[in-house]
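In case you want the letters, here they are:
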Amino acid sequence: MIELYFLSIFYSALNHVPPFVWAVIHVLGDITMFWVKRLMAYARPKSRTLYHRAITELDQCANYETWHAQAEIVDEITGADLWRRNFFSQRYDVNSVLEQYALLDEALDENDAQTIINRFCTTGPSMIRNFAGIVDKRLFTKSLIGTKLLIEQYLDKVLECLQFLCDMPEVARTSFFQRCKLSLGTTAFILQGGSLFGLFHLGVIKGLLDQKLLPSIVSGSSTGACIASLCSVLTNDELSVLLQDDNLLQDIKCDVELLNQCGYGNIDQDLNLGSLLQNVVHKGYSKDVYLFIKYVNKAIIRDLTFEEAFQRTGKILNIIVHPTDRHICPSLLNYVTTPNVLIASAIYCSLGSDVITSSTRLLCKNLKNEIVDFIPPELSTELRFLTPQHASESGLADSPYTRLTELFNVNNFIVSLARPYLAPLVMNDLKHEIKTTKYYYYKHYPTRDMSKFTPLQLANMNEVEPLGFKFRYHLERKLKHIITMEFRHRVEVLDNLGLLSHWIKRLAIDEKTPRSAIEVTIVPNLKSLSLGRVIKGQLDNIPYWIRCGEQSCWPVLALIKTRCAVEFGLDEIIRMKRVS
């Protein structure tokens, strides 16, 4: 009670601060940051100034093509381009990859389909996602634009062989490619977190969609469930048009009634910073997130069920809910477990009871296409749906990954984590080491451009020598890893003992991914975070967060392509076979 009393006084004080005071604070903050950056520029050596200038331009790129061109310049400055050309590394089995590449290359030259089939069968090495360790994240932390050229050329050769088999009538059976897909496994796209930063998921979807890397299995919880529904009920073409430029924002602005309902017709509401902050802290979402949820349910999803969405787009939507009684209601909703449940009602249940609406019920369509309660009234009297945070505190939170693995043969996860404060603690994300690549060195630099050479030609050259690493590089890398692991361990111990504060738990504890699968986590770039936007819930937050999510996705695309290139190539072949 005392805490609530002091918080109410604090919010009231913020509401009575004149607007010009906030304007003065913003001006002083901008001036301070300007001079800090200027002093740091003067203190830096010229070589480091060139590097930081390239990194700054990298953060300002508007599209992936521009970013990729600038990333090549950064790789040249740091020496990562030399690391890519030298295909020797302790992180993967170089000899196995070279041997496999040579066998596939020879079989293609001789049109030997049987040899390729033997390599692509369920026991063949080419249908193993992590063959010879080529998807190790540490192989993607040195260069911004990719990994070893040997790995990239090997995957290109595998795709070429798949197309070769597809064009041969005697072996081009759909069942063969389906067996290959079963052996390789499936990728799922998980939208985690997002009560405040959930619009970040839109940018990640756009970044994957533009590069044709968006998986067909999508899962989400809380605000992520709403955005996963938007992604699943629209085809890729419709989704691409909606996320292009400011189309989504303009579509929302056309609904004046919805804007007024969500508070955007009241100008005074934007000036009361205390009221906005109170809504964010206690309810867990801002005005822009609330508006987006209402818009998606009203204009996009309407009364679609999970089965109807799957039949329309072929995408598998999964929504995570946290019921107080898991025997009455399943925690994973999709077209297999709950085919007739309305997606809109599942979104509200995933957000939690009394978060958006006072009455949270799962609705479904019966055999007469009438909307009725999914859970009988006599069983749903005491049933409530918890928010993801409260579910983790009460021990009722089930990992969404385990059930997905069982139902859809998922062994690879792309996780979009809309919690920027967790970025330093996330162990599964891709942390590039571009600032430490100054510790790479060659005894002799190559005298010619080897980017066009095949792996077999490079293997017979004596001009490329293994990279050396200075001791300081190993020391910095090991210390950062040890400190992060130690902090996470201490937090988990306090959480298991029940001594961890509620607020610290919300900031430091997150869902764990299964050890039986490989995963990569995409987190927001802290440089593009604006707390003012989060608290005020400005209407132009939607294009802002789309751009932020897209930029955060670009450095991870090389890893995703390596992990998913063969899988998506098989999906495309199977789709073509079914159509023909």
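Conventions adopted
Residues numbered from 1 in each chain as written. Predicted model: local features only at pLDDT ≥ 70, side-chain atom pairs only at ≥ 80, totals over all residues. Heavy atoms only, no water. Helix = DSSP H or I, 4+ residues; strand = E, 2+ residues; numbered from the N terminus. Buried < 20%, exposed > 50% of the residue type's maximum accessible area, 1.4 Å probe, protein only. Contact = heavy atoms within 4.5 Å. Areas by Shrake-Rupley, 256 points an atom, 1.4 Å probe, with all protein chains shown as cover. Axes fitted to C-alpha atoms, helices over the stretch in contact; angles between N-to-C directions. Parallel < 35°, antiparallel > 145°, perpendicular 65-115°, else oblique. Left-handed = near helix turned anticlockwise from the far one by under 90°. Nonpolar A, V, L, I, M, F, W, Y, C, P; charged D, E, K, R; others polar. Phe/Tyr/Trp six-rings, centres within 6.5 Å; stacked < 30°, edge-to-face > 60°. Pairing = 2+ DSSP bridges. Arc of directions from axis to C-beta. pLDDT = per-residue confidence, 0-100. Salt bridge = Lys/Arg side-chain N within 4 Å of Asp/Glu carboxyl O.

Under the annotation held in an unreviewed UniProt entry, the protein chain carries the name LAMI_0F16006g1_1 and is attributed to Lachancea mirantina.

Caption draft 1: Fine view of the overall build of the protein chain. When helices and strands are tallied, the protein chain shows 27 helices and 10 strands. A total of 580 residues make up the protein chain; the buried ones form 49% of that total. For the protein chain, contacts bridging at least 24 residues in sequence account for 78% of all contacts bridging at least 6. Surface summary for the protein chain: the accessible area is close to 28900 Å², and the carbon and sulfur share equals 56%.

Caption draft 2: Geometry of the environment of Ser183. One can find Ser183 in helix 9 (residues 174-184). For Ser183, a relative accessible area of 27% puts it in the partly exposed group. Linking Ser183 and Phe120, residues 63 residues apart in sequence, is a C-alpha distance of 9.3 Å.

Caption draft 3: Representation of the packing of helix 17 (residues 287-301) against helix 19 (residues 343-351) within the structure. Orientation of helix 17 relative to helix 19, taken along the N-to-C sense of each, is 165°, at an axis distance of 10 Å. Between helix 17 and helix 19, the angle falls in the class roughly antiparallel. Here helix 17 runs over helix 19; the crossing is right-handed. Counted together, Ile293, Lys294, Asn297 and Ile301 of helix 17 and Ile343, Ala344, Ile347, Tyr348 and Leu351 of helix 19 form the full contact between these two elements. Tallied by class, the residues present in the contact of helix 17 with helix 19 amount to 7 nonpolar, 1 polar and 1 charged.

Caption draft 4: How the structure looks around the packing of aromatic side chains. According to the stated counting rule, one finds 10 aromatic pairs in the structure shown. For the ring pair Phe131 and Tyr154, a centre distance of 5.7 Å and an interplane angle of 35° mean the geometry is tilted. With Phe131 in the loop between helix 7 (113-120) and helix 8 (149-166) and Tyr154 in helix 8, this pair connects stretches of sequence that are 23 residues apart. Of the two residues examined, Phe131 and Tyr154, each falls in the buried class. Ring geometry for Tyr335 versus Phe408: centroids 6.4 Å apart, planes at 20°, classification stacked. Of the two residues, Tyr335 sits in the loop between strand 4 (332-333) and helix 19 while Phe408 sits in helix 21 (residues 400-408), which places them 73 residues apart along the sequence. The class of Tyr335 is partly exposed, set by a relative accessible area of 24%. The structure contains a cluster of three or more aromatic residues connected by ring pairs, namely Tyr64, Trp67 and Trp554.

Caption draft 5: Layout of the sheet that holds strand 4. Sheet architecture is open: 6 strands sit in the order 4-3-2-1-7-10, paired in mixed fashion. Edge positions in the open sheet fall to strand 4 and strand 10 (518-522), since each of these has one partner strand only. Where strand 3 (residues 316-320) and strand 4 come together, 2 bridges link them in antiparallel fashion. Paired with Ile320 across the two strands is Leu332, which belongs to strand 4.

Caption draft 6: Quick look at helix 12 (residues 236-243). Buried within helix 12 we find Leu239, Leu242 and Leu243. All buried residues of helix 12 lie within an arc of 90° about the axis, which places them on one face of the element. Facing away from the buried surface of helix 12 by more than 90 degrees, the exposed residues are Asp237 and Val241. On its buried face, helix 12 is in contact with helix 10 (200-210), helix 11 (223-233), helix 13 (247-253), helix 17 and helix 26 (541-553).

Caption draft 7: Fine view of the confidence of the model for the protein chain. Looking at the protein chain as a whole, its pLDDT mean stands at 78, while 70% of the residues score no less than 70. Predicted confidence in the protein chain is weakest over helix 15 (residues 267-271), with a mean pLDDT of 45, and strongest over helix 18 (residues 306-313), with 94. Taken as a whole, residues 267-271 scores under 50 in pLDDT and shows 5 contacts with residues more than four places along the chain or in a different chain. A low-confidence stretch, residues 436-445 stays under pLDDT 50, and its non-local contacts, those more than four residues away or across chains, total 33 contacts.

Caption draft 8: Structural detail: unusual backbone geometry. Phi at Asn111 takes a positive value of approximately 55°, unusual for a residue other than glycine. By the secondary structure assignment, Asn111 is in the loop between helix 6 (94-109) and helix 7. With a phi angle near 55°, Lys212 is a residue other than glycine that sits in the positive phi range. Here Lys212 shows up in the loop between helix 10 and strand 2 (217-221). Given a relative accessible area of 73%, Lys212 falls into the exposed group.

Caption draft 9: Up close: the environment of Gly549. Within the secondary structure, Gly549 is located in helix 26. Each C-alpha atom, one on Gly549 and one on Lys206, is 8.2 Å from the other, the two residues being 343 residues apart in sequence. Apart from the residues lying within four places of it in its own chain, the contact partners of Gly549 are Phe200, Gly203 and Val204.

Caption draft 10: Broad picture of the pattern of salt bridges. Under the defined criterion, the tally for this structure stands at 15 salt bridges. Between Arg312 and Glu238 there is a salt bridge, and its shortest N-O distance comes to 3.0 Å. With a gap of 74 residues between them, Arg312 in helix 18 and Glu238 in helix 12 connect regions that are remote in the sequence. Here Lys365 makes a salt bridge to Glu308, at a shortest N to O gap of 3.2 Å. On the criterion of sequence distance, the pair formed by Lys365 in strand 5 (residues 363-365) and Glu308 in helix 18 is long-range, its members being 57 residues apart.

Caption draft 11: Quick look at the pairing of strand 2. Among the 5 residues in strand 2, 5 count as buried, and that is most of the element. The side-chain alternation of strand 2 yields two buried faces, one formed by Ile217, Ser219 and Ser221 and the other by Val218 and Gly220. Sheet analysis places strand 1 (residues 186-192) next to strand 2, joined by 4 bridges and oriented parallel. Looking across to strand 2, one finds that Ile190 is bridged to Ser219. Note: strand 2 against strand 3, 5 bridges, orientation parallel. Each bridged residue has a counterpart across the sheet, and for Val218 the counterpart in strand 3 is Leu317.

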